[in-house]
Amino acid sequence: MSRYHCLLDINPPDIRIRDFGSKNGTFVNGKKIGQREAHQSPEEAAQIQFPEYDLGEGDEFTLSDTSFRVAVALDPENAKTAQQQSPPTIPSNQENLKFITKVQQILNKLY
């Protein structure tokens, strides 16, 4: 896995992933969605626009030997509030930041 392996775009409720031309590829539910050619350098691969893929509840994406399962959930306080509101609210930037921070912590442990 490299530092610039893929893009994980989280914009609730949408989650998308795109490989950045990684050496070992990015997989979604066991299917390879992107990888540079063996003869390409990281710089050459960075110039290629690999397609984005939508991720949903229960999908699994794999980077090297590490897999992540997608789960979409509100914390209990927001779940109560959301049930009382119509239409449903989009999670706040603070909640998104908490999630992104957790993902960064996981990735930092891998390096």
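Before reading further, recall that the structure is shown in the block above.
This is a predicted model, so every value here is computed, not measured.

J.: Account for the environment of Lys-23, with residues named and values stated.
T.: Here Lys-23 shows up in the loop between β2 (14-19) and β3 (26-28). Spatially, the C-alpha atom of Lys-23 lies 7.8 Å from that of Glu-37, the residues being 14 residues apart in sequence. Discounting residues that sit within four places of it in the chain, Lys-23 has contacts with Gln-35 and Arg-36.

J.: Could you give an account of the sheet that holds strand β4 (residues 31-34), with specific residues and numbers?
T.: Read from one edge to the other, the open sheet built from 4 strands follows the order β4-β3-β6-β7, with strand pairing classed as antiparallel. The open sheet has two free edges, formed respectively by β4 and β7 (66-69), since each of these has just one partner strand. Taking each pair of neighbouring strands and ignoring which way they run, the sheet shows an average axis angle of 30 degrees.

Rules used in this analysis
- Residues numbered from 1 in each chain as written.
- Predicted model: local features only at pLDDT ≥ 70, side-chain atom pairs only at ≥ 80, totals over all residues.
- Heavy atoms only, no water.
- Helix = DSSP H or I, 4+ residues; strand = E, 2+ residues; numbered from the N terminus.
- Contact = heavy atoms within 4.5 Å.
- Pairing = 2+ DSSP bridges.
- Axes fitted to C-alpha atoms, helices over the stretch in contact; angles between N-to-C directions.

Note that every value here comes from positions in space, so none of it alone points to a role or purpose.
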